[in-house]
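Descriptive analysis of the structure
So you can see what is in the structure, the chains are spelled out below.
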Amino acid sequence: MSRSRRTASIQGTGGIRPLLLSPDNPNRISRSPPGSSHSRSPPPKISPWHTSWDNDDEAALLSDSYKARRSSRHSLARILASPLAFSPKLVTLLIVSFLAVIMYIRQSSFTMAAVAALWATSAAAAGTTLDGWLNNEYPLAQTEILRNIAPGDHASDGATGVVVASPSTNHPNYYYQWVRDAALTYQTVIDDYIAGKTSNDQQIRGYIDSSQTVQHVSNPSGDYYSGGLGEPKFYLNNTAFQGSWGRPQNDGPGLRATALGKYLTNYLAGSGSKDQNFINKLYQGDLSKQSIIKSDLEYVAHHWQDQSFDLWEEVKGTHFFTLMVQLRSMVEGATLADKFNDGGASSYYRQQASSITSQLQQFWNAQQNHLIETLNTQRSGLDCALLLGAIHGPTSGSPFSPGSDKILASHYAIQESFRSLYKINSGSSAPSGYVGIGRYPEDIYDGYDTSRGNPWYLCNAAAAEVLYSAVTELDGAGSVKVTNVTSAFWSQFGSYKTGAQVSKSSNKQAFTTLLQSVRQHADQLMQVVQDHAANNGSLAEEFNRDNGYAQGARDLTWSYASIRTATQARNAAKALGY
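Residues numbered from 1 in each chain as written. Predicted model: local features only at pLDDT ≥ 70, side-chain atom pairs only at ≥ 80, totals over all residues. Heavy atoms only, no water.

Considerations on the overall build of the protein chain
Along the backbone of the protein chain there are 18 helices and 13 strands. Among the 578 residues that make up the protein chain, the fraction classed as buried is 59%. Counted over contacts in the protein chain with a minimum sequence separation of 6, partners at least 24 positions apart contribute 66%. With the model as given, the accessible surface of the protein chain reaches about 21900 Å², and the carbon-plus-sulfur share is 50%. (Helix = DSSP H or I, 4+ residues; strand = E, 2+ residues; numbered from the N terminus. Buried < 20%, exposed > 50% of the residue type's maximum accessible area, 1.4 Å probe, protein only. Contact = heavy atoms within 4.5 Å. Areas by Shrake-Rupley, 256 points an atom, 1.4 Å probe, with all protein chains shown as cover.)

Spelled out as C-alpha cells, the structure:
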C-alpha cells in the first residue's frame, strides 16, 4: 500500500526513526516504537505447509518456533463428509508423505527427521481440539505474563512489579511499560490472586509502588498537577520517556483505578488485621494525601472530556474505548468512595458516569448500523477497540454490554469487514466464525513498519470474548429478541428475522441451541488464535494476513492477558450448558 505521508521523528534509547503521520490527520501516528541499541532478530517464520525444502531450512523446520497453522481440521468429520473439501493441512500431510518418499529414494542430505517433525506438527495440530489447546495455553499464558513482570526473566532489569509490553527490544522496541497494557495485565493478575494464587502478591505490591512513583514523575505530558497522569509509557525503572509520542492517552488512569480498586476491595473484605498505611497509600478521601486510586479517579473525573490519543496511539480525538473504561472507573470508583465515607467524591463520580453515558450515545452510526471508535474520523469507524470497550467497560448496567444490540451489530460488521480483506480468511471449507480479526480495516502498521495491517491475536480473542460474555448475559435475560439492529448478526445462526423472539421459558431447546451456536462461533474465532500460535504456545502481537506467520513484537503481554480473560468468559458460558 502506498500513500502520501509526512514524517516526524521519535527519539528513543537507540536513536531517531521516522514517525509516520497521515496527511489527512496530523495527529495520526503509528505505534511503531523507537529503536534500541539491543539487537534481536525477529522469530523464525515457519508454517506446516512450508515448502522450501533446502538444507539450510532443516534447523528452522525442527525448531519450536513461530508458525502458522492454517486450519485443516475444521474438522476430520467435515473432510469425511465432503471428500472434495481438502483442507490445506490435509494437503500438507500428502505433500510431506510424497517428499519423504522422494528423499528416501534420493538419500537426500535433508534428513528424514525434519520431515517427521513437520508431519508430527501438522498431525498434532489437526487433532488438537480447542479445549485441549486451552487446557495448555491458559496456564501457559499466566506463566508468560509473570515472565514479563519484573523480576521475571523477560523484565529482570525493571523495578519490581513493572510490566514490559514485550521483551522485544528492536524491530520493534516494545521494551517499555505502558500504563494501559500494565493495568489490563494486572486485572488478570489480580483476578488470579483473588482466585487463590497469592504468590502474585509480590508483583501486585510492586505494581502499587510503581504506580505511585510514575504518578509523580514529571514527563512530557506534565506533572502530577498538570496532566502528567495521562502519560502513556515509561522506562522499566519508572523514569519518564522523553521522546515524541502520541500523548496524552487518557485510558490508562481509569484502567489502573479499576484494577487497583478491585484489589483494595478484596483486601478490605478479607479476614485478618489490616495495614492502614497500605490502605492509605491506595485510597484516602483527602486529595492532599495523593493516594493512588483517588488520584486516578480525580484525573478521569476532570479530564474525560479532553481529547486524547486512542489505545492504538495513532489518532487524537474522542474515543469509544477510552470513554468506556473511564465510565467503568467512575461507576466502581463511586462505590469504592462510599466505602471510605467519601460522599462528595462518590456523588461527583456518579455525575460524571451519567455524563459519559450520554456522550457514548454519539458513537452509534444508525446509517451504517454499527458503532464507531472515534468521533469525526475519516475511517469507517469499525475497530477492534469497540469490542475491547465492551469487555473492559462496566460489568453491569452498561448501555454497550457484550450482549447489547449495538455491540452485537458492531461485532458482525467488524467481522465481515475483515472476512474478505485478509487472504488467510479465504477458503470455502472454513466455518463462518473462522475469521482473522485486525485492529481496523484501514490499518497500515505491519508489526515492524508501515505497509498493510494484519490480524492481531488479542483482537481475535476479544471478538470471541464478546460472544462468550454475550451468551452469559443473554442467558440471564432469558430471551433473545431479533431487532432491525441485530438481524444481520442473528442471521448467522438461522432464519431469524426482525421481530423473532426465542425465549428460554417457552422454548428452552431452541434457546439453548441458539446460544450454543453463538458459543461455537466464538470458538471458531479462538481457533484462529490456536492455529496461528507458536508450537510452544507463544503469542506475538499479530500474524501475517497472507501466510499466517506470526510477526511484530514477540511474547506480547496483552496477547496473553486476552487469552486469560477470553478463556474465563468461555468457561462461564460452558458452565451454563452452552
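Comments concerning the environment of leucine 336
With respect to the helices, strands and loops of the structure, leucine 336 is situated in helix 11 (residues 320–339). A residue is classified by how much of its surface remains accessible, and leucine 336, at 4% relative accessible area, is buried. Taking the C-alpha atoms as reference points, leucine 336 and isoleucine 293, separated by 43 residues in sequence, lie 9.7 Å from one another. Residues contacting leucine 336, with those up to four places away along its chain left out, are Gly261, Leu264, Thr265, Tyr283 and Ile293.

Points about the side chain of threonine 322
By the element assignment, threonine 322 lies in helix 11. On the basis of relative accessibility, which here comes to 4%, the residue threonine 322 falls in the buried class. In this structure, threonine 322 is in contact with Asn250, Asp251 and Ser308, ignoring residues within four places of it in sequence.

Quick look at the side chain of glutamine 326
Position of glutamine 326 relative to the elements: it lies in helix 11. Take glutamine 326: its relative accessible area is 1%, and that puts it in the buried class. If sequence neighbours within four positions are ignored, glutamine 326 has contacts with Asn250, Val300, Trp304 and Ile356.

Focus: the packing of aromatic side chains
Following the criterion strictly, the structure yields 22 aromatic pairs and no others. On the basis of an interplanar angle of 70 degrees and a centroid distance of 5.3 Å, the ring pair of tyrosine 176 and phenylalanine 241 is categorised as edge-to-face. You can see tyrosine 176 sitting in the loop between helix 5 (130–147) and strand 4 (177–178) and its partner phenylalanine 241 sitting in the loop between strand 5 (233–234) and helix 8 (252–269), a full 65 residues away along the chain. Relative to phenylalanine 278, the ring of tyrosine 263 has its centre 6.3 Å away and its plane inclined at 90 degrees; by these criteria the two rings are edge-to-face. Here the residue tyrosine 263 occupies a position in helix 8, and phenylalanine 278 occupies one in helix 9 (residues 276–282), the gap between them amounting to 15 residues. (Phe/Tyr/Trp six-rings, centres within 6.5 Å; stacked < 30°, edge-to-face > 60°.)

With respect to the state of the cysteines
Counted according to the given criterion, the structure contains 1 disulfide. The side chain of cysteine 384 participates in a disulfide bridge whose partner is cysteine 459; the two sulfur atoms lie 2.5 Å from each other. Every disulfide takes its handedness from the sign of the S-S torsion; for cysteine 384 and cysteine 459 that torsion is -105 degrees, giving left-handed. Of this pair, cysteine 384 sits in helix 13 (residues 384–392) while cysteine 459 sits in helix 15 (residues 457–477); the two residues are 75 residues apart in sequence, bridging distant segments of the chain. Its relative accessible area of 0% is what places cysteine 459 among the buried residues. (Disulfide = S-S within 2.5 Å.)

Description of the pattern of salt bridges
Tallied over the full model, the rule gives 26 salt bridges. Of the charged contacts in the structure, one is a salt bridge between arginine 439 and glutamate 314, with a shortest N-O distance of 2.8 Å. Residue arginine 439 is found in the loop between helix 14 (405–419) and helix 15, and its partner glutamate 314 is found in the loop between strand 6 (308–309) and strand 7 (316–317); the two are separated by 125 residues along the sequence. For arginine 439, a relative accessible area of 0% corresponds to the buried category. Ionic contacts of the salt-bridge type, sharing partners, join the residues Asp131, Arg519, Asp523, Arg570 and Lys574 into one network. (Salt bridge = Lys/Arg side-chain N within 4 Å of Asp/Glu carboxyl O.)

Comments concerning the nonpolar core
The tendency in soluble globular proteins is for nonpolar side chains to be buried as a group. Of all hydrophobic cores here, the largest spans 131 residues; its most connected members are Trp312 and Trp490. The element contributing the most residues to this core is helix 15, with 13 residues. Ala150, Val164, Tyr175 and Leu236 belong to the second largest nonpolar core, which has 6 residues in total. (Core = buried A, V, L, I, M, F, W, Y, C linked by side-chain atoms within 4.5 Å.)

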